[in-house]
Amino acid sequence: MSEVKISAATRTEFGKGAARRIRRDNKVPGVLYGHGSDPLHLTLPGHELLLALRTPNVLIALDIDGKTNELAIPKSVQRDPIKGFLEHVDLQLVQRGETVTVEIPVLTEGELAAGGNLLEHVLNTLTVEAEATHIPESVTVSVEGLAAGSSILAKDITLPKGAKLAVDEDAVVIQVLAAQAEEAAEGEEAAEAAAEA
């Protein structure tokens, strides 16, 4: 997992007006918390933070006011619902060697069995525990040849080295459904043909 260095500044102004001024300067207000310390209010560079957040669970090396260096992972990101720009970010303080609980995206590969089956992601992410500096970016699951009625449970997924499941191991992550829309359409066509005859 890569580490992204970002320079941040502590902020002393709070409230909506201060947050608007920060955003006008293409910066993002944020809070750094964890390890029993008081929350630290920060101003972060908007573009650099946006690029960093493209990687799920990115490890951010914060250079705060050029004095202190801290490691953090994003815990909550608020975006403008229309324009999509970053409005606020909560960062959790982490240390090397510390175990953290994060959600990683579940990706699939392979083709389902023939027959127009549908793949349903019951869980789009998997909650795992991992060392803070070795958080997996995602987990890939093979669905090759799965037929309708098949499902993949959390315990069936091979996790990257050093990661442990933090959800019920019998939780359904992916299931394969029979395509009902096509069957219904075929039934309607047969009914229409019978009515015309």
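Please read all numbers here as calculations on a predicted model, not as lab measurements.

1. What about the environment of Leu 59?
- Position of Leu 59 among the secondary structure elements: in strand S4 (residues 59–64).
- Along the chain, Leu 59 and Lys 83 lie 24 residues apart, while their C-alpha atoms are 26 Å from each other.

2. Thoughts on the pattern of salt bridges
- Using the criterion set out here, one finds 2 salt bridges in the structure.
- Salt-bridge contacts for Lys 164 lead to Glu 129; the nearest nitrogen and oxygen are separated by 3.7 Å. With Lys 164 in strand S12 (residues 164–165) and Glu 129 in strand S9 (residues 125–131), this residue pair connects regions lying 35 residues apart in the sequence.
- Residue classification places Lys 164 among the exposed positions, given a relative accessible area of 53%.

3. Quick word on the nonpolar core
- Of all hydrophobic cores here, the largest spans 23 residues; its most connected members are Leu 126 and Ile 157.
- When contributions to this core are tallied by element, the ones reaching two or more residues are S4, strand S5 (68–79), strand S7 (99–109), S9, strand S10 (139–142) and strand S13 (172–177).
- Counting residues per element, this core draws most heavily on S7, at 4 residues.
- Leaving out residues up to four positions away in the same chain, Leu 126 has contacts with Val 102, Glu 103, Ile 104, Val 106, Val 139, Ala 154, Ile 157, Leu 159, Leu 165, Val 167 and Val 173.
- Judged by nonpolar contacts, the second largest core, of 18 residues, contains Val 28, Leu 44, Val 58 and Ile 60.

4. Section: the environment of Glu 13
- Relative to the helices and strands, Glu 13 resides in the loop between strand S1 (3–10) and helix H1 (16–24).
- In contact with Glu 13, not counting residues within four places along its chain, are Ala 18 and Arg 21.

5. A few points about the sheet that holds strand S11 (residues 151–153)
- One open sheet holds the 3 strands; their spatial order is S8-S13-S11, and the pairing between them is antiparallel. In this open sheet, the two strands that pair with only one neighbour each are strand S8 (118–121) and S11. Neighbouring strand axes in the sheet, compared pairwise and without regard to direction, differ in orientation by 10° on average.
- Pairing analysis gives 4 bridges linking S8 to S13, with the strands arranged antiparallel.

The rules we used
Residues numbered from 1 in each chain as written. Predicted model: local features only at pLDDT ≥ 70, side-chain atom pairs only at ≥ 80, totals over all residues. Heavy atoms only, no water. Helix = DSSP H or I, 4+ residues; strand = E, 2+ residues; numbered from the N terminus. Salt bridge = Lys/Arg side-chain N within 4 Å of Asp/Glu carboxyl O. Buried < 20%, exposed > 50% of the residue type's maximum accessible area, 1.4 Å probe, protein only. Core = buried A, V, L, I, M, F, W, Y, C linked by side-chain atoms within 4.5 Å. Contact = heavy atoms within 4.5 Å. Pairing = 2+ DSSP bridges. Axes fitted to C-alpha atoms, helices over the stretch in contact; angles between N-to-C directions.

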